[in-house]
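A closer look at the structure
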Amino acid sequence: MADDRTQKAARPSLSRQLLPAVHGLLARPLSSYYLLISSCTLLLLIGLTMVFSATSVKAYAEKGNAFTEISSQAVYALLGLVAFWICQRLPAVTLRVLGRGLLVLSVLLLALLAGMTALASLGVLSRNGDGNPMLGPLVARLNWLYFGPVSMQPGELAKLGMVLWGADVIARKGPLLGHWRELAIPLFPVIGLLFVLVGYNDLGTMLVLLALIVGLLWAAGVRMRVFGALGVLGLAGVGLLIAAASRGAGSGAADAENYRWRRLTAFMEPLENCDTTTEAGRWCYQLIQGRSAIFEGGWFGVGLGKSALKWGYVPEAGNDFIFAIVAEELGVVGCGVVLVLLSVLAYTGFRIARRVTDPFRRLAATAITSWLVAQAVINMGGVVKLLPITGLPLPFISAGGSALIVTMAAIGMLASFARAEPDASRALNARPTPRWVRLVWAPLPPLPPPRRPGQQRPPAQKKAGRAPETSGGGRRR
């Protein structure tokens, strides 16, 4: 008996056996790249499955074909893979130039969208049969622009353009970021313009842009007082946009209840006090149905494709509230899988930002990760009644073309940054893949500067194999 107890005490526990294996896998040169690719691939597959499950009934009832929505989403996924492949191949210099063009294009499209909405509310522009403003072949509908059968969301382009342009501007400023004037020009005027143009029709996208900018400035190492000023300006902007909804901004009307204020306050009301038969109670309807879907799912769900509330009970079941359908069909376990994959994506994005040595790549990786994390948190928080409903899609999971394509393009940039990590770059160049693989998939990343003889890494980063980290402004973090 004593020998058995001694052997059991000497045997390492399961956690002690797994931790070294996990550390060993994470210490490999290309671990960030493979973590990013695997987590995003699984999220994309789950998203396509859930979009088909959530939309097939409605598509069959309205169009006689259950595969209408999933066919469109599959096409968008293929276009997203093309965007991923292109962005993975682009060098940092090209991405900097591309960011300026994307930002200018998104500002012009947002100005056109807001202008059409404002002119239609004044009676200058005509409206189509659905009540949407028209300008020749262009049709504006909230945060969407339609040109015949082609539709797009300029706000999604604004996110990507702000990531690349903002990272380029801050990286060029360098140590000058310590001066308020250098930080304010041209960054803050452009941010204010984007907030006005995006928030006029879409408050949720404006909040994601705010989170993206906070990530950029945090990675740059600016002073905390700047974040306080941004917080005050952000609250003031939200207040102005709520007031603008009473004058017809977004989907508001001058003679109707302020829908933005009701959306921002409905999640704080107890569900048992909501009467969905009244005008005031209709803002609670989506929350009640989403909560019911979560309750019905339990731990393991009712089964894939067996949701009952997707039969017209949960509004926007394939888009804004698809997480409720995931909870009903796959239960807490399915929601946990989605949360774990999103957490791996967040960890990998911030890991890439910490390990790359180029300030532009570090800033862009932080901004992209902040954007995706904030959007996922806002979406899921609205579904479970912890945050207001803002109409944002869940990355990779919700139906939608513009959002998926732009998200895949951003992941392609993160993949390019992961291959540019110093250890990953040395490993790829030490044993280069065949030329046809580089032509089909991705070129070799540039080699980092060689270490000088006798140069030692800091003890805190020697084990991880990283160079000393500085902020975007050159200040040691």
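It should be noted that the structure appears before, not after, this text.
Attention here is on the structure that accompanies the text. (Residues numbered from 1 in each chain as written. Predicted model: local features only at pLDDT ≥ 70, side-chain atom pairs only at ≥ 80, totals over all residues. Heavy atoms only, no water.)

Some thoughts on the side chain of Ser416
Along the chain, the position of Ser416 falls in helix H15 (residues 401-419). Apart from the residues lying within four places of it in its own chain, the contact partners of Ser416 are Cys87, Gln88 and Leu90. (Helix = DSSP H or I, 4+ residues; strand = E, 2+ residues; numbered from the N terminus. Contact = heavy atoms within 4.5 Å.)

Points about the nonpolar core
Grouped together as the largest cluster of nonpolar side chains are 121 residues, with contacts concentrated most on Met162, Leu187, Leu217, Trp371, Ile411 and Phe417. No other element matches the 13 residues that helix H13 (residues 322-355) contributes to this core. Setting aside residues up to four positions removed in sequence, Phe417 forms contacts with Leu95, Ile352, Val356, Arg361, Ala364 and Ala365. (Core = buried A, V, L, I, M, F, W, Y, C linked by side-chain atoms within 4.5 Å. Buried < 20%, exposed > 50% of the residue type's maximum accessible area, 1.4 Å probe, protein only.)

Re the sheet that holds strand E1 (residues 134-135)
In space, the four strands of this open sheet follow the order E1-E2-E3-E4, with antiparallel pairing throughout. Among the strands making up the open sheet, the edge pair consists of E1 and strand E4 (150-152). Here E1 pairs with strand E2 (residues 138-141) via two bridges, running antiparallel. Bridging across to E2, Met134 finds its partner in Val139. (Pairing = 2+ DSSP bridges.)

A short note on the packing of helix H6 (residues 154-173) against helix H14 (residues 359-383)
In the contact formed by H6 and H14, the axes pass within 8 Å of each other and the chain directions differ by 145 degrees. As for the relative orientation of H6 and H14, their crossing is right-handed in sense. Contact residues: H6 offers Lys159, Leu160, Val163, Leu164, Ala167, Asp168, Ile170 and Ala171, while H14 offers Pro359, Phe360, Leu363, Ala364, Ala367, Ile368, Trp371 and Gln375. Of the residues belonging to the contact of H6 with H14, the class tally is 13 nonpolar, one polar and two charged. (Axes fitted to C-alpha atoms, helices over the stretch in contact; angles between N-to-C directions. Left-handed = near helix turned anticlockwise from the far one by under 90°. Nonpolar A, V, L, I, M, F, W, Y, C, P; charged D, E, K, R; others polar.)

Regarding a nonpolar patch on the surface
Together, Val82, Trp85, Ile86, Trp436, Leu439, Val440 and Trp441 make up a nonpolar patch on the protein surface, roughly 710 Å² of accessible area in all. Residue classification places Leu439 among the exposed residues on the basis of a relative accessible area of 52%. (Patch = residues over 30% accessible without salt bridge, like charges linked within 9 Å, V, L, I, M, F, W, Y side chains within 5 Å. Areas by Shrake-Rupley, 256 points an atom, 1.4 Å probe, with all protein chains shown as cover. Salt bridge = Lys/Arg side-chain N within 4 Å of Asp/Glu carboxyl O.)

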